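# Summary of the model geometry
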Amino acid sequence: MSGNRAVAYQGPGVVEVIDTDYPAFELKDGPGVNPANVGRKLPHAVILRTVATNICGSDQHMVRGRTTAPQGLVLGHEITGEVVEAGPDVEFVKVGDIVSVPFNISCGRCRNCKEGKTGICLNVNPDRPGSAYGYVDMGGWVGGQAEYVLVPYADWNVLQFPDREQALEKILDLTMLSDIFPTGFHGAVTAGVGVGSTVYVAGAGPVGLAAALGAQLLGAAVVVVGDLNEDRLAQARSFGCETVNVGAGTIPDQLEQILGIPEVDSAIDAVGFEARSEGHGADAKEAPATVLNSLMGVTAAGGAIGIPGLYVTGDPGAVDDAAKVGALSISLGTGWAKSLSFTTGQCPVMRYNRQLMMAILHDRAPIAKAVNATAIPLTDAPRGYAEFDAGAATKYVLDPNGYLAA
Ligand SMILES: NC(=O)c1ccc[n+]([C@@H]2O[C@H](COP(=O)([O-])OP(=O)(O)OC[C@H]3O[C@@H](n4cnc5c(N)ncnc54)[C@H](O)[C@@H]3O)[C@@H](O)[C@H]2O)c1
Ligand SMILES: [Zn+2]
Ligand SMILES: [Zn+2]
């Protein structure tokens, strides 16, 4: 094996498909690789030929220039692939397996991994707890929007699909197991959604839609999805959600029209720090704390708020100096007075991916349809990024090796 092709971040608004190295069982120096990770030996890794790899709203934060991501960073943390090589310490994963890779990289050996908190593994990222492929400040693990990608601690990290033919048949659904389906589901679980719940999901991007489907799977009575993007709201209605346009009137008023009362049991932030202010039409300005504050406002006392939406510690394009270091103007008094609970952070994908795989394989969870999954060739990645950034009601799935076209 010699070459590889991958999607790289080249500066604000620019991604390119580049020629790059075929993975080795050692972490080499490169854009964004933490010096303490350079030369790290990876006998526990597998190399995958990528079957499907999705573009995510998390990638867009970097591509919009809203993080400190370095030029040349190979992107991609939503990875499904076929094992083509296994390192000498890999015992159970076999060449030929089709596997889903949780976007969190975790070691399986540290205290947090042992407690199931794989989003904050202590051993893979010298910068801070928690890691991911192809992401700023995540240790420098090379991204998977590529023909080939390396996955460390493979026996621990990967989810093997039980049957190759069945997996390839449902691949547009199964590819969502690497991130957004577990992430949305985690948002619903941590918001306390159960049978008969009323739920408000802020954001009708892929994560919000996955959270809405997750809430339905958990038995919610009513799922209301809010956004400013009418195409995305129509996508939410296509599988039985109610919707509110947050640009057109207040959220409590609109919830009251749907539910009879201006509040919900559970709320989910699937927007994050690039949130637009509410009640100001479609061209509303950025207001990073707006979703957190409006969710505290509409969640019933004693309720819970799941926050998969991303908040950062460094944002060069923030609206003010405080927000540049991640400090937002949050009305915590409201949350305190109502005894609300909050769950933030990376979704620990491994906690949910096997169960959600079973739901997909047995036709209980039409996630690809819910998020309008659409396959495009790797070479079309720049178009996928641009259309997704412009608000397409589409989850773009890259097909670097022709498995999806076949
Ligand atoms: N916690 C995790 O593990 C995890 C995993 C994946 C993604 N994420 C994060 O989840 C968030 C959503 O991801 P995505 O791929 O769906 O992104 P996206 O950018 O496609 O979707 C965000 C949506 O929010 C809408 N929006 C903006 N302001 C709003 C407001 N005030 N109220 C309601 N909607 C508003 C936008 O119009 C957009 O449709 C991102 O911040 C992403 O980084 C977190
Ligand atoms: Zn993602
Ligand atoms: Zn660990």
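A short tour of the structure in this document, coming up.

### Details of the overall build of the protein chain
Helix and strand counts for the protein chain stand at 15 helices and 18 strands. Whereas a compact globule of 406 residues would reach a radius of gyration of roughly 22 Å, the protein chain reaches 20 Å, a difference of no more than 12%. Its C-alpha atoms put the protein chain at 60 × 50 × 40 Å along the principal axes. Per-residue burial for the protein chain yields a buried fraction of 58% across its 406 residues. Of note, the protein chain has its 27 positive side-chain charges centred 4 Å away from the centre of its 43 negative side-chain charges.

### Re the side chain of Asn229
Considering the arrangement of structural elements, one finds Asn229 in the loop between strand S12 (222–227) and helix H8 (230–237). A relative accessible area of 18% means that Asn229 is categorised as buried. Only 3.0 Å separates the side chain of Asn229 from the backbone nitrogen of Arg232, close enough to count as a polar contact.

### Description of the pattern of salt bridges
For the structure on display, the rule yields 19 salt bridges. The partner of Glu274 in a salt bridge is Arg66, and the shortest N-O contact between them spans 3.6 Å. With a gap of 208 residues between them, Glu274 in the loop between strand S14 (264–269) and helix H10 (290–298) and Arg66 in the loop between helix H1 (57–63) and strand S6 (73–74) connect regions that are remote in the sequence. The same class applies to Glu274 as to Arg66, namely buried.

### Remarks on the site of ligand 1
Taken together, 30 residues lie near ligand 1, and Ser58, Asp227, Arg232, Arg276 and Cys347 sit nearest. Here His61 contributes a side-chain N or O atom positioned 2.9 Å from an oxygen atom of ligand 1. If you list the elements that add at least two residues to the shell around ligand 1, you get H1, helix H7 (206–217), S12 and H10. If you tally residues by element for the shell around ligand 1, the top one is H1, at three residues. Its residues assigned to classes, the shell around ligand 1 shows 14 nonpolar, eleven polar and five charged. Of the domains in this structure, domain 1 (3–179 + 350–399) and domain 2 (180–343) are the two that each give at least three residues to the shell around ligand 1.

### Section: the pairing of strand S2 (residues 14–21)
The side chains of a regular strand alternate, residue by residue, between the two faces of the sheet. As defined by bridge partners, strand S1 (residues 3–11) adjoins S2 across eight bridges and the pair is classed as antiparallel. Bridge assignment links Ala6 to a residue of S2, and that residue is Ile18.

### Some words on the coordination of the zinc ion (ligand 3)
Protein ligation of the zinc ion (ligand 3) involves Cys107 (SG), Cys110 (SG), Cys113 (SG) and Cys121 (SG), the donor distances falling in the range 2.3 to 2.4 Å. Note that the zinc ion (ligand 3) binds four donor atoms; their angles at the metal cover 99 to 118 degrees, and the shape is tetrahedral. One chain supplies every donor to the zinc ion (ligand 3), and in sequence these donors are spaced C-x2-C-x2-C-x7-C. Grouping residues by exposure puts Cys107 and Cys110 together as buried.

### Points about the coordination of the zinc ion (ligand 2)
For the zinc ion (ligand 2), the protein coordination sphere consists of Cys56 (SG), His77 (NE2), Glu78 (OE) and Asp179 (OD), at 1.9 to 2.3 Å. Seen from the zinc ion (ligand 2), its four donor atoms lie at angles of 92 to 128 degrees, and the figure they make is tetrahedral.

### Some words on the pairing of S1
Connecting S1 to the antiparallel partner S2 that follows it, the hairpin turn spans two residues, and Gly13 within it adopts a positive phi of roughly 80 degrees. Here S1 pairs with S6 via two bridges, running antiparallel. By the bridge assignment, Ala8 is partnered in S6 with Val74.

### Quick notes on the sheet that holds S2
Reading across the sheet, the three strands line up as S2-S1-S6 and stay open at both edges, with antiparallel pairing between neighbours. A strand with exactly one partner marks an edge of an open sheet, and here the two such strands are S2 and S6.

### Examining the sheet that holds S14
The strands making up a sheet are joined through hydrogen bonds of the backbone, oriented either antiparallel or parallel. Taking strand neighbours across the sheet as the criterion, the six strands line up as S13-S12-S11-S14-S15-S16 in an open arrangement whose pairing is parallel. The sheet is open, and its two borders are formed by strand S13 (242–245) and strand S16 (341–343), each paired with just one other strand. Going from strand to strand, the sheet's axes swing by 20 degrees on average, the running direction of each strand aside. The sheet contact formed by S12 and S13 spans four bridges and is parallel. Residue Val224 lies in a different strand from S13, and its bridge partner there is Glu242.

Thresholds applied
- Residues numbered from 1 in each chain as written.
- Chains lettered and ligands numbered in written order.
- Predicted model: local features only at pLDDT ≥ 70, side-chain atom pairs only at ≥ 80, totals over all residues.
- Heavy atoms only, no water.
- Helix = DSSP H or I, 4+ residues; strand = E, 2+ residues; numbered from the N terminus.
- Rg over C-alpha atoms; globule rule 2.2 N^0.38 Å.
- Buried < 20%, exposed > 50% of the residue type's maximum accessible area, 1.4 Å probe, protein only.
- Lys, Arg positive; Asp, Glu negative; His and termini not counted.
- Charge placed at Lys NZ, Arg CZ, Asp CG, Glu CD.
- Polar contact = N/O pair within 3.5 Å; in protein donor to acceptor, adjacent residues only side chain to side chain.
- Salt bridge = Lys/Arg side-chain N within 4 Å of Asp/Glu carboxyl O.
- Near = heavy atom within 4 Å.
- Nonpolar A, V, L, I, M, F, W, Y, C, P; charged D, E, K, R; others polar.
- Domains from an automatic or database assignment.
- Pairing = 2+ DSSP bridges.
- Donors = N, O, S within 2.8 Å, 3.2 Å for Na, K, Ca; no water.
- Tetrahedral: all angles 85-135°; square planar, octahedral: opposite > 155°, others 65-115°.
- Axes fitted to C-alpha atoms, helices over the stretch in contact; angles between N-to-C directions.

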